[in-house]
Amino acid sequence: MMMQAALTGGGVALGWKGTAGEFLRHRQLIEVPAHRIDVDGGVFLVARHDRRPSQALDTFSEWLVEQATAETE
């Protein structure tokens with residue numbers, strides 16, 4: 001349901017390779033952070049490919065990256 005919401009422009013989704021991978025390969029969704037964070041299981045933050053990132057999405061993405069990197073350091 002999260003992937004479908006992201007596909008229809010209803011927000012972003014946080015998913016694993018198994019749930020987001022095909023959508024990324026087919027360029028239906030894009031990864032939101034500018035860089036990947038290596039975590040076990042390959043988690044992606046994705047949004048619809050033709051949506052322009054908003055300030056709120058950028059802020060959330062930056063916060064999420066900070067949280068993830070703080071946990072791995």
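Everything quoted here is computed from the prediction, not taken from an experiment. (Residues numbered from 1 in each chain as written. Predicted model: local features only at pLDDT ≥ 70, side-chain atom pairs only at ≥ 80, totals over all residues. Heavy atoms only, no water.)

**Section: the packing of aromatic side chains**
The condition is simple: Two rings belonging to Phe, Tyr or Trp (six-membered ring only in the last case) form a pair when the distance between their centres is within 6.5 Å. Interplanar angles under 30 degrees mark stacking, angles over 60 mark edge-to-face geometry, and anything in between is tilted. Secondary structure elements are defined from DSSP: runs of H or I of at least 4 residues count as helices, runs of E of at least 2 residues count as strands, and each element is numbered from the N terminus. Remark: exposure states derive from per-residue accessible area (1.4 Å probe, protein chains only) relative to the maximum for the residue type, with buried under 20%, exposed over 50%, and partly exposed in between.
Counted according to the given criterion, the structure contains one aromatic pair. On the numbers, 6.1 Å between centres and 25° between planes, the contact of Phe60 with Trp63 is stacked. With Phe60 and Trp63 both in helix 3 (residues 55-72), this residue pair falls three residues apart, about one helical turn. For Phe60, a relative accessible area of 36% gives the class partly exposed. On the basis of relative accessible area, Trp63 is assigned to the partly exposed category, the value being 45%.

**A few points about helix 2 (residues 17-25)**
Restricting attention to buried positions, one finds in helix 2 the residues Ala20, Gly21, Phe23 and Leu24. Following helix 2 by one or two positions, Arg27 has its phi on the positive side, about 60°.

**Quick look at the nonpolar core**
The tendency in soluble globular proteins is for nonpolar side chains to be buried side by side. Put simply, the test is: Grouping buried Ala, Val, Leu, Ile, Met, Phe, Trp, Tyr and Cys residues that are joined through side-chain atoms within 4.5 Å yields what is termed a nonpolar core. What makes two residues a contact is simply this: any of their non-hydrogen atoms within 4.5 Å.
Counting nine residues, the largest nonpolar core consists of Met3, Ala6, Leu7, Ala13, Ala20, Phe23, Leu24, Leu29 and Val46. Counting residues per element, the ones that place at least two in this core are helix 1 (2-7) and helix 2. With near-sequence residues (within four places) excluded, Val46 lies in contact with Met3, Ala6, Val12, Ala13, Ala20, Leu24, Leu29, Ile30, Glu31 and Val32.

**Section: the pattern of salt bridges**
The condition is simple: Take a side-chain nitrogen of Lys or Arg and a carboxyl oxygen of Asp or Glu: if they are within 4 Å of each other, that pair is a salt bridge.
Scanning the entire structure with this criterion turns up one salt bridge. We note a salt bridge from Glu22 to Arg25, for which the minimum N-O separation is 2.6 Å. With a gap of three residues between them, Glu22 and Arg25 both fall in helix 2, about one helical turn apart. For Glu22, a relative accessible area of 42% translates into the label partly exposed.

**Section: unusual backbone geometry**
A positive phi angle, near 60°, is found at Arg27, a position not held by glycine. For Arg27, the location among the structural elements is in the loop between helix 2 and strand 2 (29-31). Overall, Arg27 belongs to the exposed group, its relative accessible area being 66%.

Everything listed here is a matter of coordinates, which is why it stays silent on function.
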